[in-house]
Amino acid sequence: MAKQPNTRLKDQNGQTILVREFKLEDKAEVQRIFHEGLMEMVPDTAFRGLRHHPESLLLYTAVTVVCFAITMCCWLIGLLPAIVVCLRYFYSRRVIRGYLKQAMSADIGDMEGHYMKTPGSCLWVAELEGKVVGAVAAVRLSDDVVELLRMCVDRRYRRCGVGVVLGQKVLQFAEAHRYASVVLGTTAYTPAVHQLYKRLGFHCVGVTNGYITPGSSRSFLEQIFYRVRHHHYRHNVQHSKITSKGQH
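If you're wondering where the values come from, they're calculated on a predicted model, not measured in any experiment.

J.: Looking at this structure, how should I read the side chain of Glu222?
T.: Within the secondary structure, Glu222 sits in helix 7 (residues 220–225). Each residue touching Glu222, except ones within four places of it in the same chain, is listed here: Tyr91, Arg94, Val95, Ser216 and Ser217.

In structure tokens, the structure reads:
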């Protein structure tokens, strides 16, 4: 597959964001950004995610009522919410660390082999002030569909337009290779993530409630205290429209 030209974009401070193909010397920085981004999802999943799962809230409430009916102990009832929050954090962290371990033993551990030497795939990094500050990958799923994967941005450089230019690079790749659509999936609950994808022209086409995260053990307690939604997004390349409001 032909090499993609570098992309340059000015951020809100007038500095140039360069998006280029991945090189082997970028590996450590990309792994660091990916690792930090995933670990940020632990509190996001454990705390913010709870609001999106009424079935879990109903279960925790029912357990609290049953415990009160059996023990009639007010201090125990007051302690239960803290126990639930701690368990949600513990299992969110365990599952995400399991997912990270699996990714490190697969594509994130061998980005050169998985993306740069595989037909129909590519990995790009974003540079700002000479530093690698983000990455994104594209993988061919079929003759008509390519998947956007592994988008991550260093938290110190967010809201500088890095996410936008990385997403645009994948869309340019799809258009250049005549793909009809680009798809992606995310379990993030942070509104800014979904706003970015919508700004790039993606539309949510489905949600999987109770998504089984790769690397999870699916134990009984894990299923109770770790539960996520997987949002499926699609972008029809021939109707591409990227708005410019806001930066990520």
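J.: Explanation requested: the packing of aromatic side chains in the structure shown.
T.: Aromatic rings considered in pairs are described by the distance between their centres and by the relative angle of their planes. In this structure the tally under the stated criterion is eight aromatic pairs. Between Tyr60 and Phe225 the ring centres are 5.8 Å apart and the planes differ by 15°, which places this aromatic pair in the stacked class. In this pair, Tyr60 is assigned in helix 2 (residues 54–71) and Phe225 in helix 7, connecting sequence segments 165 residues apart. No difference in accessibility class separates Tyr60 from Phe225, as the two residues are buried. Where Tyr197 meets Tyr233, the ring centres are 5.7 Å apart and the plane angle is 55°; that geometry is what we call tilted. Remark: Tyr233 occurs in strand 8 (residues 229–236) and Tyr197 occurs in helix 6 (residues 191–199); sequence separation between them is 36 residues. Taking relative accessible area as the criterion, Tyr197 reaches 8% and is therefore assigned buried. Overall, Tyr233 belongs to the buried group, its relative accessible area being 2%. An aromatic cluster of at least three residues, connected via ring pairs, comprises Tyr60, Phe90, Tyr91 and Phe225.

J.: Teacher, can you tell me more about the state of the cysteines here?
T.: Disulfide: a covalent bond formed between the sulfur atoms of two cysteine residues. Under the counting rule described, the total for this entry stands at zero disulfides. Between Cys152, a cysteine without a disulfide, and Cys122, which holds the nearest cysteine sulfur, the sulfur-to-sulfur distance is 15 Å. Owing to a relative accessible area of 8%, Cys152 belongs among the buried residues under this scheme. The structure places no disulfide on Cys160, whose sulfur is separated from the nearest cysteine sulfur, that of Cys152, by 15 Å. Residue classification places Cys160 among the buried residues on the basis of a relative accessible area of 11%.

J.: Teacher, can you tell me more about the environment of Ala103 here?
T.: Positionally, Ala103 belongs in helix 3 (residues 74–104). Residue Ala103 is classed as buried on the basis of its relative accessible area of 2%. Sequence separation between Ala103 and Val63 is 40 residues; the distance between their C-alpha atoms is 35 Å.

J.: Looking at this structure, how should I read the pairing of strand 4 (residues 131–140)?
T.: Looking down a regular strand, the side chains alternate between one sheet face and the other. Along strand 4, eight of the 10 residues are buried, which leaves the element largely enclosed by surrounding structure. In this sheet, strand 4 lies alongside strand 3 (residues 121–128) in antiparallel orientation, the contact comprising eight bridges. When the sheet's bridge partners are listed, Leu128 is paired in strand 4 with Lys131. Joining the antiparallel neighbours strand 3 and strand 4 is a turn of two residues, in which Glu129 adopts a positive phi near 60°. Where strand 4 folds back onto strand 5 (residues 145–153) in an antiparallel hairpin, the turn is made up of four residues.

J.: Help me out: how do you make sense of the nonpolar core in this one?
T.: In summary, soluble globular proteins display a tendency toward joint burial of nonpolar side chains. Trp124, Leu148, Val162, Leu166, Val182 and Phe202 are the most contacted members of the largest nonpolar core, which has 32 residues in total. Counting residues per element, the ones that place at least two in this core are strand 2 (16–21), strand 3, strand 4, strand 5, helix 5 (162–176), strand 6 (181–186) and helix 6. Looking at which element gives the most residues to this core, the answer is helix 5, with eight residues. Contact partners of Leu148, with chain neighbours within four places excluded, come to Val136, Ala137, Gly167, Val170, Val182, Val183, Leu184 and Phe202.

The rules behind each value
- Residues numbered from 1 in each chain as written.
- Predicted model: local features only at pLDDT ≥ 70, side-chain atom pairs only at ≥ 80, totals over all residues.
- Heavy atoms only, no water.
- Helix = DSSP H or I, 4+ residues; strand = E, 2+ residues; numbered from the N terminus.
- Contact = heavy atoms within 4.5 Å.
- Phe/Tyr/Trp six-rings, centres within 6.5 Å; stacked < 30°, edge-to-face > 60°.
- Buried < 20%, exposed > 50% of the residue type's maximum accessible area, 1.4 Å probe, protein only.
- Disulfide = S-S within 2.5 Å.
- Pairing = 2+ DSSP bridges.
- Core = buried A, V, L, I, M, F, W, Y, C linked by side-chain atoms within 4.5 Å.

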